[in-house]
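The lines below spell out each chain.
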Amino acid sequence: MKAFQPVSRVLLLSSGPPMSQKVLYCLRKMAVEADLLDMGSTPSMARYSRYRRRYVRFPPEASEGRVADFGGFVRAYIETNQIDAVVGADIAASAALDSIRDVLQDVVLYPVS
């Protein structure tokens with residue numbers, strides 16, 4: 001088992017429901033910076049949140065049936081932006097995170113680690 005490493009920056013995956021705004025708020029209270037990756041068919045209102053550091057959108061037409069592209073996109077974003085962990089904000093985002101966990105073996109994933 002790995003030793004606990006404090007997390008200071010996470011990538012929050014969201015499929016668009018208002019749950020992502022609540023998760024952003026909780027992460028900020030824990031002094032964790034969050035970048036929001038929006039996977040929904042329409043842009044999330046959380047993109048306007050003052051609790052997110054960055055907002056990026058993964059095009060939904062590219063994600064349909066193309067898990068490798070999504071995994072590569074997330075992997076590149078993590079490496080470019082010094083992300084410590086990836087969190088799924090809702091059920092759909094957690095399922096997407098589970099589908100790419102093999103690509104992110106060295107990254108802390110919640111709730112699928």
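This text follows the structure it describes.
The notes below deal with the structure included here. Each chain has its residues counted from 1, following the order in which its sequence is written. Reporting in this predicted model follows two pLDDT cut-offs: at least 70 for local features of residues, and 80 or more for side-chain atom pairs to be given and counted; totals over whole chains, interfaces and linings ignore these cut-offs and use all residues. Hydrogens and waters are ignored; side-chain quantities use all the structure's heavy atoms.

Right, let's talk about the environment of L12 for a bit. Positionally, L12 belongs in strand 1 (residues 9–14). In this description, contact between two residues means that some pair of their heavy atoms is separated by no more than 4.5 Å. Sequence-distant contacts of L12, that is, excluding residues within four places in its chain, are made with S20, V23, L24, D35, L36, L37, V87, G88 and A89. Runs of H or I in DSSP of at least four residues are treated as helices and runs of E of at least two as strands, each being numbered from the N terminus.

Our next topic: the packing of aromatic side chains. Here a Phe, Tyr or Trp ring, Trp counted by its six-membered ring, pairs with any other such ring whose centre lies within 6.5 Å, and the pair is stacked when the planes are under 30 degrees apart, edge-to-face when over 60, and tilted otherwise. Enumeration according to the criterion identifies three aromatic pairs in this entry. Ring geometry for Y25 and Y51: centres 5.4 Å apart, planes at 80 degrees, overall edge-to-face. Of this pair, Y25 sits in helix 1 (residues 19–29) while Y51 sits in the loop between strand 2 (33–38) and strand 3 (54–57), placing them 26 residues apart in sequence. Of the residues examined, Y25 reaches a relative accessible area of 38% and is grouped as partly exposed. Using a 1.4 Å probe on the protein chains alone, a residue whose accessible area is under 20% of its type maximum counts as buried, one over 50% counts as exposed, and one in between counts as partly exposed.

Before going further, it helps to examine the sheet that holds strand 5 (residues 108–110). Pairing between strands is defined by DSSP: at least two bridges between them are needed. Spatial strand order, 3-2-1-4-5: five strands in an open sheet with parallel pairing. The open sheet has two edge strands, strand 3 and strand 5, and neither has a second partner. Taking the axes of each pair of neighbouring strands and ignoring which way they run, one obtains an average angle of 20 degrees across the sheet. Pairing between strand 1 and strand 4 (residues 85–88): four bridges, direction parallel. Counted as the bridge partner of V10 is A85 from strand 4. Axis geometry follows a simple rule: fit a line to the C-alpha atoms, using only the stretch in contact for helices, then measure angles between N-to-C directions, giving values from 0 to 180 degrees. The strands that helix 1 touches are strand 1 and strand 2; relative to strand 1, the one it contacts most, it runs at about 170 degrees. On top of the sheet, helix 4 (residues 91–99) reaches strand 1, strand 4 and strand 5; it is set at about 135 degrees to strand 4, its chief contact.

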